[in-house]
Amino acid sequence: MKAVVIRTFGDPDGLEVVDVPVPVPAPGQVRIATEAIGVGGVDAVIRRGTLASYGFREGHLLGSEVAGRVAAVGEGVDASWIGRRVWAFTGLSGGYAEQAVAAVEDVLALPDGLSGADAVTLGGSGVVAHFALDRARFTSGETVLVRGAAGSIGITAVQLAARGGASAVAVTTSSAERGARLRDLGATHVLDRSGEGGPDAPAGFDVVIDVVGGPRLPLFLDKLNPNGRYVAVGVVDGQPPADFGMRLMDAFRRSLSFATFSSDTVPGPDRQAVRSSQFADAAHGGLRTVVHEVLPLDQAALAHRAMDAGKVFGRVVLAP
């Protein structure tokens, strides 16, 4: 079968389409014939070699979420899964392929009316957005800033904050066109990438959800209101300065909080319950997904080039 691996860390040209054996599901696993494969920010971070210290090596098969039909099951898995349309989390590898395996507890049946492309756009990102706002103790009436709102996590966080009764939902983005699209999804204020906006933008925020990280992170800590909570859910622009915590200590009397959040820390059944609810919501037109483009699997490098160039609004999806 066809799969995409990292031949060399670095730019997208280091991705290579290869032939690999069809995976055999181990006990407790299912094998899925993929129809849609999500291309996420974490894939780009792994591809660049940023996470090599975590054990990622050249030759790694990228991809963490897929949608398709169950083609086979491993020992101990109910055979009734075979033939069902599902979404699945494959870990941090194995998704960029014509067939992928996943633990059955990380598989969720898709509702009628939800496409595979929509499922891999919402499946991972929706859970992150939901629990990040929960970790921030967001409540109705508060002001929220979503930094890096043009990706699938940010787009979902904007909608959830707006539906949760935020008094203002500000976003950072790179263009007026993207800002207009985010306003249509629930944003009330559009800021540039440095956090500057019009004179009507809130002076501070109760909650900041940050997908970006990178060298500008301390500037956004400064935008927290007293008792404000900052939750970092990604580092697509790289790690923040090593001394960024000094910003918090300098503002000691404002009682600010900073947290990182990974959905890995949420119990699996809780993740699946939120995901199931969001899938149903999206299938009925409530929660909106944004698929930037669907590309063939063998054009994964093109998808990564678009992400690196900041051209993606929503999520790129690969289709075998």
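Let us look at the structure shown here. (Residues numbered from 1 in each chain as written. Predicted model: local features only at pLDDT ≥ 70, side-chain atom pairs only at ≥ 80, totals over all residues. Heavy atoms only, no water.)

**Some details on the environment of Pro320**
- Locating Pro320 in the fold gives a position in the segment after strand 15 (315-319).
- Separated by 224 residues in sequence, Pro320 and Tyr96 place their C-alpha atoms 8.7 Å apart.
- Every residue in contact with Pro320, bar those within four places of it in the chain, is listed here: Thr34, Glu35, Ile37, Ala97, Glu98 and Leu297. (Helix = DSSP H or I, 4+ residues; strand = E, 2+ residues; numbered from the N terminus. Contact = heavy atoms within 4.5 Å.)

**Re the packing of helix 2 (residues 116-135) against helix 7 (residues 268-283)**
- For the pair helix 2 and helix 7, interaxial distance at closest approach is 9 Å and the crossing angle is 125°. In terms of orientation, helix 2 and helix 7 fall into the oblique class. Along this stretch, helix 2 crosses helix 7, giving a crossing that reads as right-handed. Contact residues: Ala119, Leu122, Gly123, Gly124, Gly126, Val127, His130 and Phe131 in helix 2; Asp270, Arg271, Val274, Arg275, Gln278, Phe279 and Ala282 in helix 7.
- Partitioning the contact of helix 2 with helix 7 into residue classes produces seven nonpolar, five polar and three charged. (Axes fitted to C-alpha atoms, helices over the stretch in contact; angles between N-to-C directions. Parallel < 35°, antiparallel > 145°, perpendicular 65-115°, else oblique. Left-handed = near helix turned anticlockwise from the far one by under 90°. Nonpolar A, V, L, I, M, F, W, Y, C, P; charged D, E, K, R; others polar.)

**A few points about the sheet that holds strand 8 (residues 143-147)**
- Strand order in the open sheet made by the six strands is 10-9-8-11-12-13, with parallel pairing throughout. In this open sheet, the two edge strands, each paired with only one partner strand, are strand 10 (189-191) and strand 13 (257-260). Taking each pair of neighbouring strands and ignoring which way they run, the sheet shows an average axis angle of 15°.
- Across five bridges, the pairing between strand 11 (residues 205-210) and strand 12 (residues 224-232) is parallel. Directly across from Asp210, in strand 12, lies its bridge partner Ala232. (Pairing = 2+ DSSP bridges.)

**So, helix 3 (residues 152-163)**
- For helix 3, spanning twelve residues, the distance from its first C-alpha to its last is 17 Å, which sits close to the expected 16 Å at 1.5 Å a residue.
- Restricting attention to buried positions, one finds in helix 3 the residues Ser152, Ile153, Gly154, Ile155, Thr156, Ala157, Val158, Gln159, Leu160 and Ala161.
- Against the buried residues of helix 3 lie helix 2, strand 8, strand 9 (168-172), helix 4 (176-184), helix 7 and strand 15.
- One or two steps after helix 3, the chain reaches Gly165, where phi turns positive at roughly 90°. (Expected span 1.5 Å × (residues − 1). Buried < 20%, exposed > 50% of the residue type's maximum accessible area, 1.4 Å probe, protein only.)

**Overview of the nonpolar core**
- Leu182, Ile209, Val233, Phe261 and Phe279 are the most contacted members of the largest nonpolar core, which totals 48 residues.
- Secondary-structure elements contributing two or more residues to this core are helix 2, strand 8, helix 3, strand 9, strand 11 and helix 7.
- Here the element with the most residues in this core is helix 2; it accounts for ten residues.
- Counting residues in each nonpolar core, the second largest holds 37 residues, with Ala301, Val312, Val316 and Leu318 among its members. (Core = buried A, V, L, I, M, F, W, Y, C linked by side-chain atoms within 4.5 Å.)

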